[in-house]
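Chains, contacts and geometry: an overview
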Amino acid sequence: DDEPVFLIRGQDLAAIPAAEAWCEAAADLGADAELIATVRRHIEVVREYQREHAKVPDAPADVLR
């Protein structure tokens, strides 16, 4: 319940490269191939979403403190 979580929004132009890098690292570490395939499918969903909703990374001011 108290595990930190790292969230990247679909509109974030860094989301796809970050997720692709995660897939590579996960594969190198021996992660389940189906998990990696699921993330790769989700990358394609994000790619489609970004056709109309994409912007440079940002965050609310209170997060940056």
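Provided above is the structure to which this section pertains.
Residues numbered from 1 in each chain as written. Predicted model: local features only at pLDDT ≥ 70, side-chain atom pairs only at ≥ 80, totals over all residues. Heavy atoms only, no water.

1. Observations concerning the nonpolar core
Ala15, Ile16, Cys23, Ala26, Ile36, Ile43 and Val46 together form the largest nonpolar core, which totals seven residues. Those elements giving two or more residues to this core turn out to be α1 (15-28) and α2 (33-50). Ranked by residues supplied to this core, first place goes to α1 with four residues. Once residues lying within four places of it in the same chain are set aside, the contact partners of Ala15 are Ile8, Arg9, Val46 and Gln50. (Core = buried A, V, L, I, M, F, W, Y, C linked by side-chain atoms within 4.5 Å. Buried < 20%, exposed > 50% of the residue type's maximum accessible area, 1.4 Å probe, protein only. Helix = DSSP H or I, 4+ residues; strand = E, 2+ residues; numbered from the N terminus. Contact = heavy atoms within 4.5 Å.)

2. Section: α2
In this model α2 runs 26 Å from its N-terminal to its C-terminal C-alpha over 18 residues, within 8% of the 26 Å that 1.5 Å per residue would give. Listing the buried residues of α2 in full gives Ile36, Ile43, Val46 and Gln50. Down the axis of α2, the buried set is contained in an arc of 65 degrees. They therefore lie on one face. Capping the start of α2 is the job of one residue whose side-chain oxygen sits 3.1 Å from the backbone nitrogen of Glu34: Asp32. (Expected span 1.5 Å × (residues − 1). Arc of directions from axis to C-beta. Polar contact = N/O pair within 3.5 Å; in protein donor to acceptor, adjacent residues only side chain to side chain.)

Function-wise, these values are silent; they only describe arrangement.
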